[in-house]
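Descriptive analysis of the structure
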Amino acid sequence: MFSRPNARAALPDTGPNRRDPANLLRLLHYVKPYVAWLSLGIFSTLISAGLSLVFPKLFGNLIDASFLKRAGSGVADTGPLDRIVLLLLGVFAVVALFTALQSFLISRVGVRVVADLRRAVFSHLLTLSPRFFATRRTGELTSRLTSDVSTVQTVVSSALAQLLSQVVTLIGGVTLMVLTSFQLSLFTLAVIPLIIGTAVVIGLQIRKAAREVQDKVAAANASAEEAISGVRVVQSFTAEDVERERYGEGVEQSFAASLRRIKLTSLMAGIMTFLAFGSLAGVLWYGGRQVLVGAITPGKLVSFLFYALQVGINVGGLTGIFSQVQEALGASSRLFELLDTKSELPVSPAPQPLDRVAGRVQFENVSFRYGDEGELPTLSGLNLDVSPGQTVALVGPSGAGKSTLVSLLPRFYDVTGGTLKVDGVDVRQADLEELRRQVGLVPQETLLFSGSVAENILYGRPSASQAEVEGAARAANAEEFILRLPQGYATAVGERGVKLSGGQRQRVAIARAILKNPRILILDEATSALDNESEALVQDALEKLMVGRTTFVIAHRLSTIRSADLIVVMDAGRAVQRGTHAELIAAGGLYKDLYDLQFRAERREQGPLAVQGV
Ligand SMILES: Nc1ncnc2c1ncn2[C@@H]1O[C@H](COP(=O)(O)OP(=O)(O)OP(=O)(O)O)[C@@H](O)[C@H]1O
């Protein structure tokens, strides 16, 4: 049956620095620019948390003022009651104001840090080499940008504020409890170790389950992403059921993990509720007796109950924060792991200038291997000296290493042996950006970005003017079809350019390359048949593009091969033959075999013109 191999590995989840608290310090680095906002937020938190400790005392006073005076004198004096309520309202208002301020200020820092972190991770991802992306699933990486960053946000914003206010309330609450009634305090505080113990033991299990939920969701997401981005393949193979099943399985696994987590949280909620209300009942029982014997006033009992409640809530809250911090540590370590992944292309400390090159390219005894040492090399012993402006056609059987050879030019990979030079400069000694500005790439499968036609052409040189864009489109034989589009240059091309035909996409890509005006050009000729007319237009545009540039073309068409200055025949990573078409045919060997197999039919189609000179 159909199967889409899940060969790409998920991001390793258990690195050596996983949940390393040092990551929290690294996070602080992102918080640093906003330390003023944060300090104001912390100040507001301290005020609101400190003032909230006044409530219970005032409530107690309120009770005593309302009940005791009346019982004593028989006359209803509402004065103290009114004053206390007024005072309470005042305190409420100040607490409300500072709570709002605290929430705004600290959350603002949180969302800002998240925005910075997202940008940093994305910008770093763009610098990594194709080798990195070959081992990662896109869905995994995008989920790092979304869910992991959001988990970190929780800590930076809400958890930080909560932690502060809870610590303040907890210390203050316990002190005031003890001051209100020492005996009652002993009674209540005895339960706290039980609460903490339960929270820690079950909390640990909950964290494990939560981790599992995240992993399962990420895996399901990755498979959905692949299916959605390849929906045409899925539909053409009528593999919907397979994909449904694959995603369904992932979703069910995440459901099962969620269920485990829910069971544990429910159990914890039950135990906590019983402990909390049980101790409340205990306090009411013991405190009630104390009131009855006149040891404390009813107001004091009420104050005490409120303090106990505040302390209880905060102890519960602290354990929640503990698990949030743990999760955030996990998430931040995965993010930092991405940020720490160095591009494997070493940067030269003193790059040699490569500003406006003539276009000479030299492969000197170049070898290359995708895998580790010991694996078979993909290219070996390659020597090639291409003069500025020359066109080199690379031919050879599938898997011979043609695409690999050209991918060394913009330094997607570094050679593993020998040297690759552009204008006499070892590409490893050049500035990567400068080098890549010299190299233009027109791939077989053109990828356009969602946006307008003009934006896609401008990708070649963002500073170009509208007139230059139009000039490039004209030279690429693209203007005619662009002007026929509903909004001309402003027409949106759809995701990956789906609204254009294959030939149109290619011509936009050629216009893009013309605008970039590179000295070295890499063309991967399309093997998929375009209709005759658009093939002729694409071919004509390519020929114009090639003029005056050093061009490497992975050639599939006889006409390209025959007009090349040099044909290099590749087989199993080696350049086995080189020469012009006529020379190679005369010499016999792999080229002649390939020619006999692949091009005879094409030659026949091209009629007498193509036969000449063969
Ligand atoms: N990213 C990669 N990681 C590991 N091996 C790779 C990678 N890309 C290509 N290879 C291997 O390197 C060899 C050469 O591949 P390459 O794509 O260069 O061949 P090609 O001549 O361009 O083939 P085709 O004409 O089919 O495109 C193949 O055996 C291929 O399996």
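Residues numbered from 1 in each chain as written. Predicted model: local features only at pLDDT ≥ 70, side-chain atom pairs only at ≥ 80, totals over all residues.

As annotated in an unreviewed UniProt entry, the protein chain is ATP-binding cassette domain-containing protein from Deinococcus detaillensis.

**Comments concerning the sheet that holds strand 7 (residues 520–524)**
Spatially, 6 strands are ordered 6-7-8-3-9-10 in an open sheet, and the strand pairing comes out mixed. Each edge of the open sheet is held by one strand with a lone partner, namely strand 6 (439–442) and strand 10 (574–579). Shown here is a sheet whose adjacent strand axes are inclined to one another by a mean of 20 degrees, direction ignored. Inspection of the sheet shows strand 3 (residues 391–395) paired to strand 9 (residues 566–571) by 4 bridges, in the parallel sense. (Pairing = 2+ DSSP bridges. Helix = DSSP H or I, 4+ residues; strand = E, 2+ residues; numbered from the N terminus. Axes fitted to C-alpha atoms, helices over the stretch in contact; angles between N-to-C directions.)

**Topic: the domain arrangement of the protein chain**
By domain assignment, the protein chain separates into domain 1 (22–340) and domain 2 (361–446 + 517–611). Here domain 1 and domain 2 have C-alpha centroids that lie 60 Å from each other. (Domains from an automatic or database assignment.)

**Some points on the site of the ligand**
In the neighbourhood of the ligand, the contacting residues comprise Ala134, Tyr370, Thr378, Gly396, Ser398, Gly399, Ala400, Gly401, Lys402, Ser403 and Thr404. Broken down by element, the residue count for the shell around the ligand peaks at 3 residues, all from helix 12 (residues 402–407). Considered class by class, the residues forming the shell around the ligand number 3 nonpolar, 7 polar and 1 charged. (Near = placed C-beta within 6 Å. Nonpolar A, V, L, I, M, F, W, Y, C, P; charged D, E, K, R; others polar.)

**Considering the UniProt feature "transmembrane region" (unreviewed entry) in the protein chain**
Per the UniProt record, "transmembrane region" (unreviewed entry) is found at residues 34–63, 84–105, 155–178, 184–206, 264–285 and 305–325. In residues 184–206, helix accounts for 96% and strand for 0%; the two terminal C-alpha atoms are 33 Å from one another. Structurally, residues 305–325 is divided into 100% helix and 0% strand, and its ends, taken at the C-alpha atoms, are 30 Å apart. (UniProt positions renumbered as here; feature names shortened; annotations may be inferred.)

**Quick word on the nonpolar core**
Within the largest apolar cluster, 69 residues are counted, with the highest numbers of intra-cluster contacts made by Ala393, Leu394, Ile457, Ile510 and Ala511. Ranked by residue count, the leading element in this core is helix 17 (residues 502–516), at 7 residues. The residues contacting Leu394, other than those within four sequence positions of it, are Lys402, Leu405, Phe552, Val553, Ile554, Ala555, Val568 and Met570. (Core = buried A, V, L, I, M, F, W, Y, C linked by C-beta atoms within 7 Å. Buried ≥ 20, exposed ≤ 12 C-beta atoms within 10 Å, placed from the backbone. Contact = placed C-beta atoms within 7 Å.)

**Observations concerning helix 2 (residues 35–52)**
Taking 1.5 Å of rise per residue, 18 residues should cover 26 Å, and helix 2 covers 25 Å from first to last C-alpha, within 8% of that figure. Among the residues of helix 2, those classed as buried are Leu38, Gly41, Ser44, Thr45, Ser48, Ala49 and Ser52. Along the axis of helix 2, the buried positions cluster into a sector of 125 degrees, meaning they face one direction only. Seen from the open side of helix 2, the exposed residues pointing more than 90 degrees away from its buried face are Val35, Ala36 and Ser39. (Expected span 1.5 Å × (residues − 1). Arc of directions from axis to C-beta.)

**Points about the sheet that holds strand 5 (residues 425–426)**
Read from one edge to the other, the open sheet built from 4 strands follows the order 2-1-4-5, with strand pairing classed as antiparallel. Pairing within the sheet leaves two strands with one partner each, and these edge strands are strand 2 (379–386) and strand 5.

**Quick word on unusual backbone geometry**
Even without glycine at this site, Asp423 takes up a positive phi of about 50 degrees. As for its placement among the helices and strands, Asp423 is situated in the loop between strand 4 (417–422) and strand 5.

**With respect to helix 7 (residues 182–189)**
Within helix 7, burial applies to Leu184, Ser185 and Thr188. Summarising the axial view, the buried residues of helix 7 lie within an arc of 105 degrees, below the 170-degree limit, and thus occupy one face. Opposite the buried face of helix 7, at more than 90 degrees from it, the exposed residues are Phe182, Gln183 and Leu186. Packing partners of the buried residues in helix 7 comprise helix 6 (138–180), helix 8 (191–229), helix 10 (240–292) and helix 11 (298–340).

**As for the pairing of strand 3**
Look at any regular strand and the pattern is simple: side chains alternate between the two faces of the sheet. The buried count for strand 3 comes to 5 of 5 residues, which makes it a mostly enclosed element. Where burial is concerned, the two faces of strand 3 agree: the one with Thr391, Ala393 and Val395 and the one with Val392 and Leu394 are both buried. Both strand 3 and strand 8 (residues 550–554) contribute to a ladder of 4 bridges, which runs parallel. Among the inter-strand pairings, Leu394 is bridged to a residue of strand 8, identified as Ile554.

**Notes on the packing of helix 8 against helix 10**
Closest axis-to-axis distance for the helix 8/helix 10 pair is 9 Å, and the angle between their directions is 165 degrees. As far as their axial angle goes, helix 10 and helix 8 are roughly antiparallel. In this structure, the crossing between helix 8 and helix 10 has a hand that is left-handed. Residue classes in the contact of helix 8 with helix 10 are distributed as 22 nonpolar, 9 polar and 6 charged. (Parallel < 35°, antiparallel > 145°, perpendicular 65-115°, else oblique. Left-handed = near helix turned anticlockwise from the far one by under 90°.)

**Topic: the environment of Ile321**
Within the secondary structure, Ile321 is located in helix 11. Here the alpha-carbon distance between Ile321 and Gln162, two residues 159 residues apart in the chain, equals 7.9 Å. Excluding anything up to four places from it in sequence, Ile321 contacts Ala159, Gln162 and Leu163.

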